[in-house]
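# Summary of structural features
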Amino acid sequence: MSSVRLYLKYLHLHLLTGLQYKGWPLMVLQVLIVVITDPIGIILLFYRFGSIGEWSVERILLIYAMAVTSFGLAETFCRGFDYFPWRTIRTGDFDRLLLRPCSLFVQVAGSYFHIHRISRVFAGLGAIIWCLWRLEVELTMLHICTIGLALIGGCLVYAGVFVLTSGLAFFTIQSLDWIFIFTNASYQVTRCPIDYMPQVLRRFFTFVMPMLVISYMPAAAVCGWTKTYWLGLAALPAGLLFLLFATLIWRIGVRHYQSTGS
Amino acid sequence: MAQIELRHICKTFTVSLRPEGRMSMLRGAFVRRKKVIKALDDISFTIDTGELVGYIGPNGAGKSTTVKIMSGILTPDSGYCRIMNRIPWQERVAHVARIGVVFGQRTQLWWDLPVQDSFDLLKDIYSIPFTSYKHRLHELATALDISALLTTPVRQLSLGQRMRCELAAALLHSPRILFLDEPTIGIDAVSKLALREILKRENRENGVTMILTTHDMDDVETLCSRVMVIGHGRLLYDGKLHRLKADYAPWRSIRAILTEPVTPFHIEGAERIKAEGNVWTVLFNPDIIPAHIMVERLARALPLRDLVIGEQNIDEIIAKMYQEMCL
Amino acid sequence: MRLTRRANMTKVRAYFSLFRIKTAEGIQYRLAGLASASVGVFWALIEIVVFTVFYNYAANKDAGTLAGLTLKQVISYVWLSQAIWTMQPMSIDAEILKKINSGDVGLELCRPMDLYAHWFAGTAASRLIPVFWRGTVTLLCAILMPVPYRLGLPASAIGFCWSLLSFFCAFLLCTAFGTFVATVRLNVNWGDGPMYMMMLIGGVLSGGYLPLQLWPAALQTILLLQPFAGYLDIPIRLYLGTMQPNDAGSLILLQLIWIALFVAAGKALMAKRLKTIIVQGG
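Residues numbered from 1 in each chain as written. Chains lettered and ligands numbered in written order. Predicted model: local features only at pLDDT ≥ 70, side-chain atom pairs only at ≥ 80, totals over all residues. Heavy atoms only, no water.

### Some points on the overall build of chain B
Looking only at helices and strands, chain B features 11 helices and 13 strands. Overall, the C-alpha framework of chain B stretches about 70 × 55 × 45 Å when taken along its three principal axes. Put simply, chain B has 327 residues, and 49% of those count as buried. Within chain B, contacts between residues at least 6 apart in sequence are counted, and of these 70% link residues at least 24 apart. (Helix = DSSP H or I, 4+ residues; strand = E, 2+ residues; numbered from the N terminus. Buried < 20%, exposed > 50% of the residue type's maximum accessible area, 1.4 Å probe, protein only. Contact = heavy atoms within 4.5 Å.)

Right, dumping it as C-alpha cells:
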C-alpha cells in the first residue's frame, strides 16, 4: 500500500515538473502525429487495394488500436522502465535507488513520467470506439469489460517488455536494439490479417510475447469473429504471466549488477 | 563491539581492453581482450560508533568500491562485513534505512522543483512519521541555514546552497552512519565551513559515525581524527592524521614569487627546489629549520615579491607513500 | 589569397578528421549494428508478408501492378529501404543536443571553426556507421532469402550506377536535413517537440511507410517533388527501374536542389539564432 502511495507521489512530482515546462503542448502534438501517421501505410494500402475477403480496414485498425492503446498505457505509467537502459543505468542513478529502503520497482517505474504520452492512449481509445461503431458491434457490459481487461492485460504485457529490457540492460546496453521487435515493431504485426499470418509469427506473438492475446483475441470475442468467447478474457492472465517472467529476469539483472557494479 | 567491521574484503572487476596500434579501432570491432582488475585486495578495518574517519586515496584506488560495499550496493567477492549487526548486501533494504550517503557530484534533489518537494518525497521513501519529520526538518534547516531556500527550485541554488540542502536530505531520516563522497568539492568557503560545522555537530550530539572520502586536506584536518589511506586496493595506512603527516609529509613548502626568473641554486636548509618561470617552490623540514629562518634566507638570496607557506597536499603524500611501498 | 586557401585546406582537413574519429568510434558497436539489423530484417519480413497478402488476396489485387510496382519490385523496395532506414535522422547528434541544452553553443562560437560545417560533419559521422552495419547485414539477409522473398537484381547496369550516385545524395540530403533540424533545436524554448515532428514527417514522406507509388494517384507529382522523396524513394526507383535512367539526371538534380536549400536554411537559421544568443549574453 505504501508502495502505491509512493508511486503516486512520484507521479505528482513529475506532473509539477512537467507543468513548469512550456513546450508541453508541442509534445502532445508530437505524440499525436506519431499516432496518426503510424498506421498511414496500412490505411493507404486498403484505400488502393480494397478489403481482403472479410478483412476490412476497420477490423485491422481495431486490432492494431488495441495493441497501441496497451502500449501507450505502459509507456505512460512505466516510463521509468522504458528509459532505464538508456538513462538511469548510464548516469549511475541506479546506485542512488539502491540506497533507499523501498521497492526498487516503484522507484524505477516512477523515475520518469511524461503526461503527454497519454495522448497515445486517447487516440487509441478513439480508434477502438470508431472501429466498433463502424463494425456495428453492440457494446454490452460484457464487451466493455472484455476490452477493459484486455487493455489492462496489454499494459502489463508491454510493461513486462520494458522490465525485461531493463533487466537485460544490466548485462549489455549496446546490443539492446533488437528489443524493438517487442515494442514498437510488435504491433506492426497486427497489420497482417490473422488468417494470412505465417504460423511462426502467430505462435510467437501468442505464446512467447502474448501480443495477439491482448489485441486480436479480445477483438475477435467482442466482434464475434470466433465461437470461443472466453479466449478474449485470456489477456489479463497472459499479461500477469509475462510480467512475472520479466520480473524474474529483472531480479537476476539486479543481482548481477550488485556483484559486478558495472 | 565495533559498529562497522570489515575483514579480508576482496573485489575484482573485469574490463575489456581495446587492442592498440594501427587499425586498432577496426580490430576492436572483432577481438577484445579481457583484463581483471583488483579493486579491493584484502581490506580489513573496524570503526566504532561515533568515529569520524577520513578515507583518502587517489582516484581509482578503491575508495568508492569500499563505500559501495559498506552501503550494500555491491557484493564483495570474498570477505566478511558486518555493519550494525547486518551484512549490508544481504539485508540491503533494512540496512540502507539506517545509513545516509552524500555524493558531492550527484544530486538527489529534484532539479526543477522547490527543495521542500524533494524532502517531502524522502519523508515517504524513508517512512518518517510526520511529527518527527517536521521536527527534524526544522532542526536541520536552522543548523544549515536553509529555511529561506526551501521554496526555491533547486536549479536556482548556488552550488554551496545546494550542497547544504543535499546534506539535509541525507540527514533527514537520522541515519546512524553517514558516508560522504567529496562533499566539499567546488563549493565556496562559507558553505564549506557551515557544512563542516553541521557534520561536527551531528557527530557530537547524535553520535553519527561518518566516513568521508575527499581530496581536500582541510576537510580531513578539521573533521577527522583518524585517516585511512587506500591505494591499488590495499589499505596503506590506518591511524592518526598527525602521525601520517610526520611520517610521510614532514615538509612544508614555500611558494616564492620573484620579481624576475632566477635559475635555481642551493639554499641552506632547503630539501628540494623547483623553479617555474619566476616562481620557486622550496621544500624544507620545519623540525630542522624553523619556517621564519627559511623565509629570511630566501629573502636574502632572492628578489622576492610575495610568498606563501603551505603543507604538502594529500596527493603528494600519497605519491610518496607509493614510492616507499611499491619501489 | 594563398594564405586563405591554405587555411581553408586545414579547415577541411579538421572536419574530415572529426568525421574520421567519430566513425572510428562507431565501428566498435558491431553488436548494436547486428541488433539493429535484426529489427530491420524482422520489419522487412512483416512488410513483405503484408504486401504479399494484398497483392494476392485483396479485392483489387492488381491495383499495385497498375500503379507501376509489381510484388517483386515491392519486395526489393522493402529490403532496400530497411537497409538504409537508419540513414534518416531520427534525432540530432547527442553531443550537439547536450551542447544546446547546456548553453555551451555560445562557447563553440569562440572556436576558429565554422560551426555549421562542424555540425554537418558530426551529423554525418554519427550515422554512417549504423547505416553501414545495418545495411550490410540486412542486404546480406535479403540476398540469402528464399526466392519469393529475395532482393531482386537492379533493372539495368546503368540504372544501378545512377542509383548508387543517388543513394550517396540521399545520405547528404539526410545529413543536411538533420543539421537543419539541429539548428531549429537551437531555440531551446520549444524543446524536442518540433524537432521530432519534423523528422517524423520526413520519415513518412520518404516512402519508408509505404512506397510513394502506392500512395493515392492524385498526389504523385507532389510526392515526387517534395524533399523527402530523395531519402529513399528516388534512389530505389532508379534501382528498380520504375524510373528510367534518362530521368536520373533530373532526379538527382532535384536531390541536389533540396540539399542546397536545407544547407542554406540551416546556415541562415544558425546565424540568426547565434546572434540572439550573443545578445542574451550567452
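We are not done yet, so read on.
### Description of the overall build of chain C
Scanning chain C from N- to C-terminus turns up 12 helices and zero strands. Sequence separation of 24 or more characterises 80% of the internal contacts of chain C that already satisfy a separation of 6 or more. With the model as given, the accessible surface of chain C reaches about 12900 Å², and the carbon-plus-sulfur share is 70%. (Areas by Shrake-Rupley, 256 points an atom, 1.4 Å probe, with all protein chains shown as cover.)

### A few points about the nonpolar core
Core analysis: the biggest nonpolar cluster contains 251 residues, and Phe 94 and Tyr 158 of chain A together with Phe 119, Leu 167 and Leu 178 of chain B have the highest contact counts within it. Counting residues per element, this core draws most heavily on helix 2 (residues 30–57) of chain C, which supplies 13 residues. Core analysis: the next-biggest nonpolar cluster, separate from the first, contains 12 residues, Trp 280, Phe 284, Ile 289 and Met 294 of chain B among them. (Core = buried A, V, L, I, M, F, W, Y, C linked by side-chain atoms within 4.5 Å.)

### Quick word on the interface of chain C and chain A
Contacts between the two partners involve 44 residues from chain C, matched on the other side by 40 residues from chain A. Carbon and sulfur atoms make up 77% of the area that chain C and chain A hide from each other, which totals about 3500 Å². Seen at the junction of chain C and chain A, the total is one salt bridge. Note that Glu 47 of chain C and Arg 191 of chain A form a salt bridge whose closest N and O atoms lie 2.7 Å from each other. Here chain C and chain A share seven residue pairs in polar contact (both at pLDDT 80 or more) between them. Examining the composition of the side of chain C that touches chain A, we find that 17 residues originate from one element, helix 2 of chain C, more than from any other. Its residues placed into classes, the side of chain C that touches chain A shows 31 nonpolar, 10 polar and three charged. (Buried area = accessible area lost by both parts, 1.4 Å probe. Salt bridge = Lys/Arg side-chain N within 4 Å of Asp/Glu carboxyl O. Polar contact = N/O pair within 3.5 Å; in protein donor to acceptor, adjacent residues only side chain to side chain. Nonpolar A, V, L, I, M, F, W, Y, C, P; charged D, E, K, R; others polar.)

### Observations regarding unusual backbone geometry
Peptide bonds are, in most cases, trans, and in most cases residues other than glycine have a negative phi. All names here are of chain B. Positive phi values are uncommon outside glycine, yet Asp 145 reaches one of about 60°. Examined against the element boundaries, Asp 145 turns out to sit in the loop between helix 5 (130–144) and helix 6 (159–171). What makes Asp 145 exposed here is its relative accessible area of 57%. Positioned with a positive phi, His 232 is a non-glycine residue whose angle comes to about 50°. With respect to the helices and strands, His 232 occurs in the loop between strand 8 (226–231) and strand 9 (234–240). According to the relative accessible area criterion, His 232 is exposed, its value standing at 55%.

### Things to note about the packing of helix 4 (residues 115–125) of chain B against helix 6 of chain B
All names here are of chain B. Orientation of helix 4 relative to helix 6, taken along the N-to-C sense of each, is 15°, at an axis distance of 10 Å. Considering the angle they form, helix 4 stands roughly parallel to helix 6. In the packing of helix 4 onto helix 6, the handedness of the crossing is right-handed. In this structure, helix 4 contributes Val 115, Phe 119 and Leu 122 to the contact, and helix 6 contributes Cys 165, Ala 168 and Ala 169. Among the residues making up the contact of helix 4 with helix 6, the classes are represented as six nonpolar, no polar and no charged. (Axes fitted to C-alpha atoms, helices over the stretch in contact; angles between N-to-C directions. Parallel < 35°, antiparallel > 145°, perpendicular 65-115°, else oblique. Left-handed = near helix turned anticlockwise from the far one by under 90°.)

### Looking at the pattern of salt bridges
Residues and elements named next belong to chain B. In the structure shown here, the tally under the stated rule is 24 salt bridges over all chains. With a shortest N-O distance of 3.1 Å, Arg 7 and Glu 5 are connected by a salt bridge. Between Asp 77 and Lys 11 there is a salt bridge, with the nearest N and O atoms lying 3.4 Å from each other. Taken as a pair, Asp 77 in the loop between helix 2 (63–70) and strand 4 (78–83) and Lys 11 in strand 1 (residues 4–17) lie far apart in primary sequence, 66 residues in all. Of the residues examined, Lys 11 reaches a relative accessible area of 0% and is grouped as buried.

### Overview of the packing of aromatic side chains
Evaluated as defined, the whole model comprises 42 aromatic pairs over all chains. Both rings, one in Tyr 216 of chain A and one in Trp 225 of chain A, keep their centres 6.4 Å apart while their planes meet at 25°; by these two values the pair is stacked. Taken together through their ring pairs, the aromatic side chains of Phe 81, Phe 84, Phe 94, Phe 105, Phe 170, Trp 250 and Tyr 257 of chain A make up a single cluster. Sitting above the plane of the Phe 103 of chain B ring, Arg 106 of chain B keeps its charged end 4.9 Å from the centroid. Above the ring of Tyr 133 of chain B, the side-chain terminus of Lys 123 of chain B is found at 5.9 Å from the ring centroid. (Phe/Tyr/Trp six-rings, centres within 6.5 Å; stacked < 30°, edge-to-face > 60°. Lys NZ or Arg CZ within 6 Å of the ring centre and 35° of its normal.)

### Here's the deal with the interface of chain A and chain B
Of the residues lining the interface, 26 residues belong to chain A; the matching set on chain B comes to 28 residues. For the pair chain A and chain B, the summed buried surface comes to about 2600 Å²; carbon and sulfur atoms form 56% of the total. Between the two partners, chain A and chain B, sit three salt bridges. Linking Lys 68 of chain B and Asp 95 of chain A is a salt bridge whose minimum nitrogen-to-oxygen distance equals 3.3 Å.

### Digging into the domain arrangement of chain B
Looking at chain B, the domain boundaries give domain 1 (48–246) and domain 2 (250–311). On a C-alpha basis, the centres of domain 1 of chain B and domain 2 of chain B stand 39 Å from each other. (Domains from an automatic or database assignment.)

### Some points on the side chain of Gln 107 of chain A
Here Gln 107 of chain A shows up in helix 8 (residues 104–109). Those residues within four positions of Gln 107 of chain A in sequence are excluded, and the remaining contacts are Tyr 10, Leu 97, Arg 100 and Cys 102 of chain A.

### A look at the sheet that holds strand 5 (residues 99–103) of chain B
All names here are of chain B. Overall, mixed pairing links the six strands, which are arranged 5-6-7-3-8-9 in an open sheet. With partners counted over all chains shown, the strands left at the sheet margins are strand 5 and strand 9, one partner each. Taken over all neighbouring pairs, the strand axes of this sheet differ in orientation by 15° on average, direction set aside. Most of the contacts of helix 7 (residues 189–206) go to strand 7 (residues 209–213), to which it runs at about 150°, and overall it touches strand 3 (52–56), strand 6 (177–181) and strand 7. (Pairing = 2+ DSSP bridges.)

### Observations regarding the pairing of strand 3 of chain B
All names here are of chain B. Counting buried positions along strand 3 yields five of five residues, so the element is predominantly enclosed. Pairing geometry for strand 3 and strand 7, over four bridges, is parallel. Bridge pairing links Val 53 to Ile 211 in strand 7.

### A look at the environment of Ile 129 of chain C
Residue position: Ile 129 of chain C is located in helix 7 (residues 115–144). As a C-alpha pair, Ile 129 of chain C and Leu 253 of chain C span 124 residues in sequence and 26 Å in three-dimensional space.

### Let's talk about the sheet that holds strand 10 (residues 252–258) of chain B
Residues and elements named next belong to chain B. Within the open sheet, the four strands sit side by side as 11-12-10-13. Their pairing is antiparallel. Unpaired on one side and paired on the other, strand 11 (270–276) and strand 13 (304–311) mark the two borders of the sheet. In this sheet, adjacent strand axes meet at a mean angle of 20° when their direction is disregarded. As defined by bridge partners, strand 11 adjoins strand 12 (residues 279–284) across six bridges and the pair is classed as antiparallel.

### Some remarks on the side chain of Ser 186 of chain A
The topology assignment puts Ser 186 of chain A in the loop between helix 10 (141–169) and helix 11 (199–208). For Ser 186 of chain A, the side chain forms a polar contact with the side chain of Tyr 158 of chain A, separated by 2.7 Å.

### Some details on empty space enclosed by the protein
One pass over the structure, following the stated rule, counts three cavities of 30 Å³ or more. Together, Arg 96 and Leu 99 of chain A together with Ile 99, Gly 100, Val 101, Gln 108, Leu 122, Tyr 126, Ala 169, Ala 170 and His 173 of chain B line the largest cavity. Taken together, the elements giving at least two residues each to the lining of the largest cavity come down to strand 5 and helix 6 of chain B. Within the lining of the largest cavity, the residues separate by chemical class into seven nonpolar, three polar and one charged. Those elements that provide at least two residues to the lining of the second largest cavity are helix 3 (40–49) of chain A together with helix 2 of chain C. (1 Å grid on protein atoms, 1.4 Å probe; cavity = no way out; pocket = protein on both sides within 12 Å on 5 of 7 lines; lining within 4 Å. Points joined across faces, edges and corners; volume = space filled by probe spheres on them.)

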